[in-house]
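# A closer look at the structure
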Amino acid sequence: METKRNIKYFTAPPINVIAIIGWVIVIVGVVLASMFWSTRIPGIITAIVGLFVVVFASGGKSNDTDVEFQAIEKIRNLQERSEKKYEVYEKSFLKMLKPINLLGYDFEAKEEPFYYMKGKDGKHRTNYFCGCNLIFTNEKVFIYGRRFSLTDDLIDEEIAGNYFYFDLARAELEEKVYETKKGDRTIQVPFYVFKLIKADETEALRMCVEYGADVDKAVMDITRAITVRQKELEKRAKEAAERKAAFRAKVEAEKAADAAAAAAAEAEANA
């Protein structure tokens, strides 16, 4: 993780004075090289020096692509890690709902320092990131993920948990607003929080996610899967209880028949 370059991504001023000076030198060099033959060589040299200054000024700071790549690279193969951790593999996956990956920059981080940046690509980022994989089987939901800082290598934690469907209630998506100051202006940044709610209304999972149609669909699909599996498991449990009761009744009837037969034989013998 290139933490020093990432810190500059979040904290460096948008206008890089050194880079501007470099571009000015480049322009001066190009002008000198094109005006007179006698100034062509000095102009080319000046332009090259200016380019070196520009490269130097921009080389010490991550850009949008760099930060995005580092974040995604950290959460690669989450599903594979989850399968190994819980020893749950594809043959056990719920047919109605395939594994889901959730990810996003964390706007609710309590650690300090907390940085926010709107990239040149228009994307809102903080220096904390979270990614989670959810696997659904016939009996349980398995959660595995990582939450980490892009500016501090010491902040890197594992998210793990597994829950029976009867322990869960639903999935939710909450829209919230992060406020920050930029000069005299107050900037309001919308962000979204995914929540997996347990039956007792506490949270099995809470994380900021990148909003999109796939997230809305995931919330609906997860809630539906919980409801369907609970009904199916309840039906299965009821059928199992009925079979158990029928078996017990059969055993009791056989015992009663055996006892009656034994009593009849004893009475016949005594007669």
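An account of the accompanying structure is given in this report. (Residues numbered from 1 in each chain as written. Predicted model: local features only at pLDDT ≥ 70, side-chain atom pairs only at ≥ 80, totals over all residues. Heavy atoms only, no water.)

## As for the overall build of the chain
Of the regular secondary structure elements, the chain holds six helices and nine strands. Per-residue burial over the chain gives 36% buried out of 271 residues. Long-range contacts, defined as pairs at least 24 residues apart, comprise 62% of the intrachain contacts of the chain with a sequence gap of at least 6. Element-wise, carbon and sulfur atoms account for 58% of the exposed surface of the chain, whose accessible area totals about 16,700 Å². (Helix = DSSP H or I, 4+ residues; strand = E, 2+ residues; numbered from the N terminus. Buried < 20%, exposed > 50% of the residue type's maximum accessible area, 1.4 Å probe, protein only. Contact = heavy atoms within 4.5 Å. Areas by Shrake-Rupley, 256 points an atom, 1.4 Å probe, with all protein chains shown as cover.)

## Remarks on the sheet that holds strand β6 (residues 156-164)
Across the sheet, which stays open at both edges, the four strands sit in the order β1-β4-β5-β6 with antiparallel pairing between neighbours. Each having just a single partner strand, β1 (100-105) and β6 make up the two edges of the open sheet. With direction set aside, neighbouring strand axes in the sheet form an average angle of 15 degrees. Strand direction decides the pairing type here: strand β5 (residues 140-149) and β6, joined by nine bridges, are antiparallel. Residue pairing for β6: Tyr 144 is matched across the bridge by Ala 160. Here helix α4 (residues 64-74) sits on the sheet in contact with β1, β4 (128-136), β5 and β6, set at roughly 140 degrees to β1. (Pairing = 2+ DSSP bridges. Axes fitted to C-alpha atoms, helices over the stretch in contact; angles between N-to-C directions.)

## Here we look at the sheet that holds strand β9 (residues 203-209)
Taking strand neighbours across the sheet as the criterion, the three strands line up as β7-β8-β9 in an open arrangement whose pairing is antiparallel. Bordering the open sheet on either side are β7 (168-182) and β9, each of which pairs with just one other strand. Across the sheet, the axes of successive neighbouring strands diverge by a mean angle of 25 degrees, strand direction being ignored. Relative to strand β8 (residues 185-198), β7 is paired through 14 bridges, and the arrangement is antiparallel.

## Some words on the side chain of Lys 140
Relative to the assigned elements, Lys 140 resides in strand β5. Buried charge Lys 140 goes without a salt bridge, the closest partner of opposite sign being Asp 167 at 7.6 Å. Other than its neighbours up to four places away in sequence, Lys 140 contacts Ile 135, Asn 162, Tyr 163, Phe 164 and Tyr 165. (Lys, Arg positive; Asp, Glu negative; His and termini not counted. Salt bridge = Lys/Arg side-chain N within 4 Å of Asp/Glu carboxyl O.)

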